[in-house]
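If you want the building blocks of each chain, they are given just below.
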Amino acid sequence: MPIGFEPAGGPFTVVTATRRLARDLRTREDRQNLARGQRAWWPTDVLPWDAWVERQWRRARDQGHPVCDRKLIGAEQERVVWEQIIRDLPGPLPNMDSLLLPAQAAREAMQAWKLTRDYAITDSVLARDAGSDTRQFMLIAERFAALRRERGWAMSADLAWQLATTLDSPGDAPGHILLAGFDRYTAAQHHLIRALRNAGHQVAEWQPEAAPADAKIACCPDPDAEIRAAAAWARRFIETRPDA
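Residues numbered from 1 in each chain as written. Predicted model: local features only at pLDDT ≥ 70, side-chain atom pairs only at ≥ 80, totals over all residues. Heavy atoms only, no water.

J.: I tried to follow the pairing of strand β2 (residues 45-48) on my own but got confused; where do I start?
T.: A regular strand places its side chains on the two faces of the sheet in alternate fashion. Bridging between strand β1 (residues 12-16) and β2 involves four bridges; their strand directions are parallel. The residue of β2 that forms the bridge with Val15 is Leu47. Handedness of the β-α-β unit built from β1, helix α1 (residues 19-35) and β2 comes out right-handed. (Pairing = 2+ DSSP bridges. Helix = DSSP H or I, 4+ residues; strand = E, 2+ residues; numbered from the N terminus. Right-handed = clockwise from strand over helix to strand, strands pointing away.)

Listed below in structure tokens is the structure:
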């Protein structure tokens, strides 16, 4: 692996902060091995955080951990549930922008709910000095939570918390973990990482070297000009760095 991580005592998985970094590390490893003249190799296990957590959660469910005995629904299925809840509300939500369609409102509510799970934000914290938008979200989220309990669903935002409760021994998760590219962690990530370490897993961290760059400010007369300037910059970047 081009990042030079060699843990003692078994295989390891590189868990990245973004999907782009996962692709980049796989590409760098392939090029490194080709440069060495290798014709075939076992690739390093590299996954972005959400994909790795889901894989481990599914394995825990297959092993019979009761906390994972739920039906996992995907992001698109979850968005449809949020949208249906919003459509079924009696009358329009107070203060909702008339241009905000149920599908868009569902996406925003889904994202807000994920943030509350990622950062362990309780209802009592949300209710404290809550404005109208927060109260609207809490109304929708309450109905979503009730439906989720009734149907026995698990959502992607639940998985890290549930997975942490299954790690009673080093045998409960494969190998060691290298966290790559994280500059900060959510509460859910902190919780799972602590559970991994408490179970005896080696968890290391790695940051890619920052590419040298000059920051510049460009002034544009309007949003359309800003978009055109950004597109022109992206085209020049791709033309000069086709492998980026």
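J.: Would you mind going over the pattern of salt bridges with me for this structure?
T.: A side chain with one charge can pair with a side chain of the opposite charge if their charged atoms come near. Scanning the entire structure with this criterion turns up 13 salt bridges. Arg58 is the salt-bridge partner of Glu54, the closest N and O atoms lying 3.0 Å from each other. Of this pair, Glu54 and Arg58 both sit in helix α2 (residues 49-62), four residues apart, roughly one helical turn. Overall, the relative accessible area of 33% leaves Arg58 in the partly exposed class. Ionic pairing is found between Glu83 and Arg87, a salt bridge with its closest N-O pair at 2.7 Å. Of this pair, Glu83 and Arg87 both sit in helix α3 (residues 75-88), four residues apart, which is roughly one turn of the helix. (Salt bridge = Lys/Arg side-chain N within 4 Å of Asp/Glu carboxyl O. Buried < 20%, exposed > 50% of the residue type's maximum accessible area, 1.4 Å probe, protein only.)

J.: Quick question: what am I supposed to make of the nonpolar core here?
T.: As a rule of thumb, nonpolar side chains are buried together in soluble globular proteins. The biggest cluster of nonpolar side chains holds 27 residues, and the ones touching the most others in it are Trp49, Trp52, Val53, Ile177, Leu179, Leu192 and Leu196. Within the residue set of this core, elements represented by two or more residues are α2, α7 (159-164), β5 (176-180) and α8 (187-198). The residues contacting Trp49, other than those within four sequence positions of it, are Val15, Thr16, Ala160, Leu179, Phe182, Gln189, Leu192 and Ile193. The next biggest cluster of nonpolar side chains, apart from the first, holds 19 residues, and it includes Val81, Ala106, Leu126 and Trp153. (Core = buried A, V, L, I, M, F, W, Y, C linked by side-chain atoms within 4.5 Å. Contact = heavy atoms within 4.5 Å.)

Keep in mind these numbers describe shape, not what the thing actually does.
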